[in-house]
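# Structure at a glance
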Amino acid sequence: MESIIYKLLNVFIVYEYNFCNFTRNYQLISMRKIQMVDLKGQYEHIKERVNTSVIDVIESTAFINGPEVHLFQKELEDYLGVKHVIPCANGTDALQVAMMGLGLKPGDELITADFTFAATVEVIALLGLTPVLVDVDPVTFNIDISAIKRAITPRTKAIVPIHLFGLSAEMDEIMEIAHEHDLFVIEDNAQGIGSDYISKDGSKIKTGSIGHVATTSFFPSKNLGCYGDGGAIFTNDDDLAHTIRGIVNHGMYERYHHDVIGVNSRLDSIQAAVLRAKLPNLDAYNTTRRNAAIQYTKALTGVENIITPTGFCDSDICDDCHCHVFHQYTLRVINADRDALAQHLNDKGIPCGVYYPIPLHSQKAYEDDRYNDADFKVTNQLVKEVISLPMHTELDDEQINFITETIINFVGN
Ligand SMILES: *Cc1c(COP(=O)(O)O)cnc(C)c1O
């Protein structure tokens, strides 16, 4: 008897608990599952074109260096307003090949940011060049101009700015420094494709077309992503373009004549076909990201312990520009527990990411006696504070509201 009562009571408690949860989570149940990046949803809109183009490549068997690759190259050149696009296998290769093309030699110093993905410093080290990591700006998260100036030595040969999270680095200042010290500028545009840099004179120019050479990645989750690996190098310099075209093809300028040591790095035709289907939508994709970012910022501005990202230009000056393409929408959580917020979001079914959790100068592979931890105050702080929210082309109002309300409820407690 006792056990029956106990069981009934138990059933009632479970029922009551579920009922409360049901009413509380009613909205959650009806809402589409939130994803950090929704590639499936995006694919549904372009399915017919992608499927047809991919099958065409298969039918043609022109898998390597097929017409799709050349057409994509031309279309991207037009879109960016850059003279040469050289497709390659991924964004890391793109950086490596760009540095090889510039003829950099062991001992040459390249200045780059401490707060970014490791690919940039990785290829510098791999080529036997000397990475010189410097701190970033706390507002833009991009390489700090005064830190670049302090890091210049007679051995400095290049600056490698990253347009981190989709916001252009301060290119006017960087190009000025480079001009003054006779340095190359290699833009890592993996996160910034399609973004506009507004010059001091008010002119608008696409990131990746400003430095001597630029690189990008078509990794699936990037703003222009393929369905595998892919990358490209951009330059307006005819000679450099010629050199790089040989380097990505085993150092060949004439069939079976290997003039320089090269690599094998190609964008395959199927990936090019996918990219050709997506490139005409890139501006619309970036607008959708920007609109999601505007909604996030509207809801989170002024919320205690939260700093929203910068990068919205004055809409009166530039209504339809993409001065930030929000590869990531990254908040700073100050004087509060970032990791607890991340856990809370996860508990509510909201994915989030910490880009990046460790400064590059503290990574085992890149530690060096040359670095003084005190020179990286901003990066050391940011790695503890940043959190990136779901950002892709398929977020809807209900999802964005749920995300911002969940954050506000957490920090309000
Ligand atoms: C993604 C990324 C890369 C590397 O691109 P892969 O295609 O993955 O090799 C390089 N730099 C930055 C800033 C990136 O975000």
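Here, every reference points to the structure presented above.
From a predicted model like this one, the values you see are computed outputs, not experimental measurements. (Residues numbered from 1 in each chain as written. Predicted model: local features only at pLDDT ≥ 70, side-chain atom pairs only at ≥ 80, totals over all residues. Heavy atoms only, no water.)

For helix α12 (residues 338–347), the complete set of buried residues consists of Arg338, Leu341, Ala342, His344 and Leu345. The buried residues of α12 all sit within an arc of 160° when viewed along its axis, so they share a single face. Its buried side turned inward, α12 meets β12 (306–307), β13 (329–333), α13 (377–385), β14 (386–389) and α14 (397–412). Sitting at the amino-terminal end of α12 is Asp337, which places a side-chain oxygen 3.1 Å from the backbone nitrogen of Asp339. Once α12 finishes, Gly349 follows within two positions and takes phi at roughly 85°, a positive value. (Buried < 20%, exposed > 50% of the residue type's maximum accessible area, 1.4 Å probe, protein only. Helix = DSSP H or I, 4+ residues; strand = E, 2+ residues; numbered from the N terminus. Arc of directions from axis to C-beta. Contact = heavy atoms within 4.5 Å. Polar contact = N/O pair within 3.5 Å; in protein donor to acceptor, adjacent residues only side chain to side chain.)

Moving on: the sheet that holds strand β1 (residues 84–88). If you trace the seven strands from one edge of the open sheet to the other, you get β1-β9-β8-β5-β4-β2-β3, paired in mixed fashion. A single partner strand is all that each edge strand has here, and the edge strands are β1 and β3 (130–134). Taking the axes of each pair of neighbouring strands and ignoring which way they run, one obtains an average angle of 25° across the sheet. Summarising the sheet, strand β5 (residues 184–188) and strand β8 (residues 213–217) pair through three bridges and their orientation is parallel. The residue of β8 that forms the bridge with Asp188 is Thr215. (Pairing = 2+ DSSP bridges. Axes fitted to C-alpha atoms, helices over the stretch in contact; angles between N-to-C directions.)

For any pair of aromatic rings, the description rests on two quantities: the centre-to-centre distance and the angle between the ring planes. Here the structure, examined in full by the defined rule, presents 12 aromatic pairs. For the ring pair Phe117 and Tyr356, a centre distance of 6.5 Å and an interplane angle of 35° mean the geometry is tilted. A residue pair is termed long-range when its members are at least 10 positions apart, and Phe117 in the loop between β2 (109–113) and α6 (119–126) and Tyr356 in the loop between α12 and α13 qualify at 239 residues. Residue Tyr356 is classed as buried on the basis of its relative accessible area of 12%. When the ring of Phe165 is compared with that of Tyr356, the centres are 6.4 Å apart and the planes differ by 15°; the resulting orientation is stacked. Separated by 191 residues along the polypeptide, Phe165 in the loop between β4 (156–160) and α8 (171–181) and Tyr356 in the loop between α12 and α13 bring together distant segments of the chain. Three or more aromatic residues joined by ring pairs form one cluster here, namely Phe115, Phe117, Phe141, Phe165, Tyr355 and Tyr356. Directly above the ring of Tyr371 sits Arg370, whose terminal nitrogen or CZ lies 5.0 Å from the centroid. (Phe/Tyr/Trp six-rings, centres within 6.5 Å; stacked < 30°, edge-to-face > 60°. Lys NZ or Arg CZ within 6 Å of the ring centre and 35° of its normal.)

Turning next to α14. In an α-helix, one turn spans 3.6 residues; hence positions three or four apart end up facing the same way. Over its 16 residues, α14 extends 22 Å from the first C-alpha to the last, a length consistent with the 22 Å expected when each residue adds 1.5 Å. By the burial criterion, the buried members of α14 are Gln399, Ile400, Phe402, Ile403, Thr404, Thr406, Ile407 and Val411. A distance of 3.2 Å separates the backbone nitrogen of Glu398 from a side-chain oxygen at the start of α14, and that oxygen is part of Asp396. (Expected span 1.5 Å × (residues − 1).)

What you see with β14 is no split at all: Val386 and Ser388 on one side and Ile387 and Leu389 on the other are buried throughout. In this sheet, β14 lies alongside β13 in antiparallel orientation, the contact comprising four bridges. For Arg332, the partnering residue across the bridge sits in β14 and is Val386.

Let us look at the sheet that holds β13. An order of β12-β13-β14 is seen for the three strands of this open sheet, with the pairing classed as antiparallel. Across the chains shown, the open sheet's two edge strands, defined by having one partner strand only, are β12 and β14. Where helix α11 (residues 282–300) meets the sheet, its contacts fall on β12, β13 and β14, and the angle it forms with β13 comes to roughly 20°.

Such coordinate-based values are descriptive only and should not be taken to indicate function.
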